Amino acid sequence: MSEISKEYGWDASMEIPLYDKIRQDMKSAMIKKETVVRDTMRLIMGSFPSLTISITLESGKKTTRVKTPEEITDEDLLNIIRKFVKSEKTVLEIKKETTSDYLELLNLYLPRMATSQEIEQWVRDNVVLSKFKSPVQAMGVVMKHFGKLADGNQVKEVLKNMGPS
């Protein structure tokens, strides 16, 4: 997997939309006969029809239509990838494994998640835990700040370990 990680992946600082990067990486994987990458890109692209826009017809009925490639946002695609990551983590948990090439590849396309140390430091700097009966009650404040860049279970563990201040 190490040689794959250098060539594939995406982050917001790149000058290319995630949609185009996924298509580009799939072409590259097909040429190089890298089946894990090719199949993963196909899986992501296979979810594009699930991205829809609500519309109202002339008759007044409400319906949806599939987004065109120009309408698909990076956030739409990140949500698809997060869904696959969550699913793969569940499968790995059942298999009693910690990671897979598929999971590592998917993670290359997601923004870097906050570490436990970063979360703990932010809480110490910005949250008065004594205002809460239990540190875990501050979870809403912490999750609001970090959003999708922090795992809820990870935040919960950090808060539990911090204890009353």
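Quick notes on the rules
- Residues numbered from 1 in each chain as written.
- Predicted model: local features only at pLDDT ≥ 70, side-chain atom pairs only at ≥ 80, totals over all residues.
- Heavy atoms only, no water.
- Helix = DSSP H or I, 4+ residues; strand = E, 2+ residues; numbered from the N terminus.
- Buried < 20%, exposed > 50% of the residue type's maximum accessible area, 1.4 Å probe, protein only.
- Expected span 1.5 Å × (residues − 1).
- Contact = heavy atoms within 4.5 Å.

Participant: Quick rundown of unusual backbone geometry? Include the residues and the values.
Facilitator: The residue Lys33 is not glycine, and still its phi comes out positive at about 55 degrees. Looking at the secondary structure, you find Lys33 in the loop between α2 (18-32) and α3 (35-46). Within the chain, Lys96 stands out as a residue other than glycine whose phi angle is a positive 60 degrees. We classify Lys96 as exposed; its relative accessible area is 76%.

Participant: Residues and numbers for helix α4 (residues 74-95), please.
Facilitator: For α4, with 22 residues, the first-to-last C-alpha span of 31 Å sits near the 32 Å given by 1.5 Å per residue. Among the residues making up α4, those that are buried are Asp76, Leu77, Leu78, Ile80, Ile81, Arg82, Phe84, Val85, Glu88 and Leu92. Buried residues in α4 make contact with α2, α3 and α5 (101-107). Remark: Lys96 follows α4 within two positions and exhibits a positive phi of approximately 60 degrees.

None of this, on its own, says anything about what the molecule does.
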